Amino acid sequence: AHLHQREEHMVELSNGCICCTLREDLLVEVANIAADGSFDYLLIESTGVSEPMPVAETFTFEDSTGVRLGDVAEMDTMVTVVDGSRF
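Reading the values: the criteria
Residues numbered from 1 in each chain as written. Predicted model: local features only at pLDDT ≥ 70, side-chain atom pairs only at ≥ 80, totals over all residues. Heavy atoms only, no water. Helix = DSSP H or I, 4+ residues; strand = E, 2+ residues; numbered from the N terminus. Buried < 20%, exposed > 50% of the residue type's maximum accessible area, 1.4 Å probe, protein only. Contact = heavy atoms within 4.5 Å. Areas by Shrake-Rupley, 256 points an atom, 1.4 Å probe, with all protein chains shown as cover. Salt bridge = Lys/Arg side-chain N within 4 Å of Asp/Glu carboxyl O. Core = buried A, V, L, I, M, F, W, Y, C linked by side-chain atoms within 4.5 Å.

## Here we look at the overall build of the protein
Each helix and strand counted, the protein has two helices and zero strands in total. Per-residue burial for the protein yields a buried fraction of 17% across its 87 residues. Considering only contacts in the protein between residues 6 or more positions apart, those separated by 24 or more positions represent 42%. As displayed, the protein has an accessible area near 7300 Å², and 51% of this comes from carbon and sulfur atoms.

Pasting the structure below:
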């Protein structure tokens, strides 16, 4: 097996709630990353979002031009971590 390392590429979206402002920003940024074609997987880390469903729904959301995130990227796995001792 070969291990390939490269410098990380991080895009931070922190200008609104996931249900409105960030949803379209997420779609645009993931579409840009997908168009680059140099990544096999993308991790969307959504600390502070108490409900994971809006992140998942972003893959079916259509923007004003009719483009869906699901057209350029596929959601493989969703993981939710809960602090059980404080929940």
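Read on for the rest.
## Observations regarding the environment of Ala73
Locating Ala73 in the fold gives a position in the segment after helix 2 (53–57). Excluding anything up to four places from it in sequence, Ala73 contacts Val30 and Phe59.

## Notes on the pattern of salt bridges
What the rule picks out here adds up to two salt bridges. For Arg68, the salt bridge is made with Asp71, and the minimal N-O distance between the two is 3.3 Å. A salt bridge links Asp83 to Arg86; the shortest N-O distance between them is 3.2 Å. Relative accessible area serves as the criterion here: at 41%, Asp83 is assigned to the partly exposed category.

## Brief notes about the nonpolar core
In globular proteins that are soluble, nonpolar side chains generally tend to be buried together. The biggest cluster of nonpolar side chains holds five residues, and these are Leu26, Leu27, Val30, Phe59 and Leu69. Look past the residues within four positions of Phe59 in its chain and what remains in contact with it is Ile44, Arg68, Leu69, Gly70, Ala73, Glu74 and Met75.

## With respect to the environment of Gly70
Here Gly70 shows up in the segment after helix 2. Between the alpha carbons of Gly70 and Phe59 there is a distance of 4.7 Å; along the sequence they are 11 residues apart.

## Brief notes about the environment of Leu43
Within the element layout of this structure, Leu43 appears in the loop between helix 1 (21–36) and helix 2. On the basis of relative accessible area, Leu43 is assigned to the exposed category, the value being 75%. Separated by 32 residues in sequence, Leu43 and Met75 have C-alpha atoms that sit 9.9 Å apart.

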